[in-house]
Amino acid sequence: MDAGAVDSIADRLRVVMERIRQAALSVGREPDSVRLVAATKAVSVERVREAIAAGLRAAGENRLQEAIPKIQALRDEPIRWHFIGHLQRRKVRDVVGRFDLIHSVDTLELASEIDRRAEAAAIRQDVLLEVNIAGEPTKTGFPPGQLEEQLTYFSGMTHLRVRGLMTIPPPVDNPEQARGYFRTLRELAGGLSGQDVPGVAMTELSMGMSSDYVVAVEEGATFVRVGTAIFGRRDA
Ligand SMILES: *Cc1c(COP(=O)(O)O)cnc(C)c1O
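Residues numbered from 1 in each chain as written. Predicted model: local features only at pLDDT ≥ 70, side-chain atom pairs only at ≥ 80, totals over all residues. Heavy atoms only, no water.

Next up on the list: the packing of aromatic side chains. Scanning all chains against the criterion turns up two aromatic pairs. With a centroid separation of 5.3 Å and an interplanar angle of 80°, the aromatic rings of Phe 83 and Phe 99 are classed as edge-to-face. Taken as a pair, Phe 83 in strand E3 (residues 80–83) and Phe 99 in the loop between helix H4 (92–95) and strand E4 (101–105) lie far apart in primary sequence, 16 residues in all. For the residue pair Phe 83 and Phe 99, the accessibility class agrees, reading buried in each case. On the basis of an interplanar angle of 65° and a centroid distance of 6.4 Å, the ring pair of Phe 142 and Phe 154 is categorised as edge-to-face. Here Phe 142 is found in the loop between strand E5 (125–131) and helix H6 (144–150), whereas its partner Phe 154 is found in the loop between H6 and strand E6 (160–167), with 12 residues between them in sequence. For Phe 142, a relative accessible area of 2% gives the class buried. (Phe/Tyr/Trp six-rings, centres within 6.5 Å; stacked < 30°, edge-to-face > 60°. Helix = DSSP H or I, 4+ residues; strand = E, 2+ residues; numbered from the N terminus. Buried < 20%, exposed > 50% of the residue type's maximum accessible area, 1.4 Å probe, protein only.)

Given below as structure tokens:
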């Protein structure tokens, strides 16, 4: 039997938070420098509410249609929302302003549309740039080798604030195999921060999911996006 099936959401959330804390301390990082974003796709409002009662403060949604009713239902709860899924340009208008941070900006065109919509809404939208760290042909994201050149375009996007990078590494059997990808993302951000582009900071790294968030924190993640380890398997 799957032990996860008998533990409560609160128990599992506490385990994840504690492992994040321990991983940060183990490499001399301040535990508060890592923020947990619970991936709540396919998780009901009631289950998200349970996690909030147990101390969850940020949730990430992949699809706007699913997110809107959840955000509405939980509007009086102390929870902040992040957009972590692939974002289509025609959805941008409804995403801008609704989410504290869009983790998944994967093209200049998308960034430009977010900038345009943020300007129309008279806000500045915080975003991360998604990097296709292993150059997988099936995956979206900026190729690591192109970011340096493309970064200058962001200085013209005055209603967009780039806060850092995000990645989803290729699936691996063992979390240790993801370490190199996380390290590469951190080094990429370090190199890019030297460019000093206005409106672009490289302080945030969104990396690590249920199977590998401990390794991601050891390698410098400031956001981890964890679903299954908190809510159980999505098809369960
Ligand atoms: C679902 C999802 C996660 C969390 O995945 P788990 O393996 O369930 O922790 C993280 N990031 C993104 C973009 C996701 O879609």
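So, about the site of the ligand. The environment of the ligand is formed by Ala 39, Lys 41, Asn 62, Ile 84, Ile 168, Met 209, Ser 210, Arg 225, Val 226, Gly 227, Thr 228 and Arg 234. Interatomic distance of 2.6 Å between a side-chain N/O atom of Lys 41 and an oxygen atom of the ligand. Within the contact set of the ligand, an oxygen atom lies 2.8 Å away from a side-chain nitrogen or oxygen of Arg 234. In isolation the ligand exposes 380 Å². Once the protein is present, 89% of that is buried. Tallied by class, residues from the shell around the ligand come to five nonpolar, four polar and three charged. (Near = heavy atom within 4 Å. Polar contact = N/O pair within 3.5 Å; in protein donor to acceptor, adjacent residues only side chain to side chain. Areas by Shrake-Rupley, 256 points an atom, 1.4 Å probe, with all protein chains shown as cover. Nonpolar A, V, L, I, M, F, W, Y, C, P; charged D, E, K, R; others polar.)

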